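Results of the structural survey
The chain contents come next:
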Amino acid sequence: SPGEQVPPISPSESGPAEAFETPTIPPRIEMVIQTDVKEVKYVDISFKNLVGQLDILEQAAVLENMAAKALGGDILLSGQYNTQDKDKPYFSMKYDLQRLDFVESFKSANTFRQLNPIAEFIEGKYNTSLILDGQLGKNMYPVFSSLNAQGVFETIDGVIKGLAPLQKYGNL
């Protein structure tokens, strides 16, 4: 229903990681779901105007051209979760993020904050794209030795402000 909050599900909320069972998509299910959702909240990020398609077939869930507005910019996501080999589930994803805001990303996205601590001091926008695929372990975490990735990160009109080491250097 509109405005209903759905709590995130993660292995840590289900008990120990060893006890978490990897979900499988049953065979003989075929469906196409067209999405048009006003707002989806995931942790501290609000995705608005989420549109796209979810196909479930041949023991896989496939996202096609999912688009949303979040973090001050535009997000496009495609990918799949495939359980044809239930002992080695596979995932692939591609995302394109356009004109996202550094400050808003730093405040809202924990992973972004951990990987880019300097982003707290950057005013401006960025673009990024990533293609990633690999296997998932029993606890739904990626098997790192199986990962393949390529991507680009581009700063647009970025200005660093308030970073003490750079201010000291500028005063020399």
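It should be noted that the structure appears before, not after, this text.
Residues numbered from 1 in each chain as written. Predicted model: local features only at pLDDT ≥ 70, side-chain atom pairs only at ≥ 80, totals over all residues. Heavy atoms only, no water.

**A short note on the pattern of salt bridges**
When the charged atoms of two side chains with opposite charge come close together, those side chains can pair. What counts is decided by this rule: Note on definitions: salt bridges are taken to be side-chain nitrogens of Lys or Arg within 4 Å of carboxyl oxygens of Asp or Glu. Summary of the burial criterion: residues with accessible area below 20% of their type's maximum are buried, those above 50% are exposed, and those between are partly exposed, where the area comes from a 1.4 Å probe applied to protein chains only. Put simply, DSSP marks the helices as runs of H or I at least four residues long and the strands as runs of E at least two long, and each gets a number from the N terminus on.
Scanning the entire structure with this criterion turns up 2 salt bridges. Here Lys-69 makes a salt bridge to Asp-74, at a shortest N to O gap of 2.4 Å. By relative accessible area, which is 34% here, Asp-74 ends up partly exposed. Residues Lys-161 and Glu-123 are paired through a salt bridge, measuring 3.3 Å at the closest nitrogen-oxygen approach. With Lys-161 in the loop between β7 (148–160) and α3 (164–170) and Glu-123 in strand β6 (residues 122–135), this pair connects stretches of sequence that are 38 residues apart.

**Notes on the packing of aromatic side chains**
The following threshold applies: Geometry of aromatic contacts follows a simple scheme: Phe, Tyr and Trp rings, the Trp one being its six-membered ring, pair when their centres are within 6.5 Å, and the pair is stacked under 30 degrees between planes, edge-to-face over 60, tilted otherwise.
One pass over the structure, following the stated rule, counts 5 aromatic pairs. Their ring planes at 15° and their centres at 5.3 Å tell us that Phe-112 and Tyr-126 sit as a pair that is stacked. Placement of the pair is Phe-112 in helix α2 (residues 110–115) and Tyr-126 in strand β6, with a sequence separation of 14 residues. Taking relative accessible area as the criterion, Tyr-126 reaches 3% and is therefore assigned buried.

**Some remarks on a nonpolar patch on the surface**
Rules: In this scheme, patches are assembled from residues that exceed 30% relative accessible area and form no salt bridge. Like charges are connected within 9 Å, while nonpolar side chains (Val, Leu, Ile, Met, Phe, Trp, Tyr) are connected within 5 Å. Methods summary: accessible areas were calculated by the Shrake-Rupley approach with a probe of 1.4 Å, and residue burial reflects only the protein chains presented.
On the surface, Ile-118, Ile-160 and Leu-166 cluster together to form a nonpolar patch covering roughly 240 Å² of accessible area. Structurally, the position occupied by Leu-166 is in helix α3.

**Description of the nonpolar core**
Operational definition: What is meant by a nonpolar core is a set of buried Ala, Val, Leu, Ile, Met, Phe, Trp, Tyr and Cys residues, joined one to another through side-chain atoms within 4.5 Å. The contact definition used throughout considers only heavy atoms, calling two residues in contact when any of these lie within 4.5 Å.
The biggest cluster of nonpolar side chains holds 13 residues, and the ones touching the most others in it are Phe-102 and Phe-112. Contributing elements (two or more residues each) for this core: β5 (90–101), α1 (102–108) and β6. Excluding its chain neighbours within four sequence positions, the residues that come into contact with Phe-112 are Phe-102, Ser-105, Phe-106, Ala-119, Tyr-126 and Phe-153. Counting 7 residues, the second-largest nonpolar core is a separate cluster that includes Ile-25, Phe-91, Leu-132 and Leu-136.

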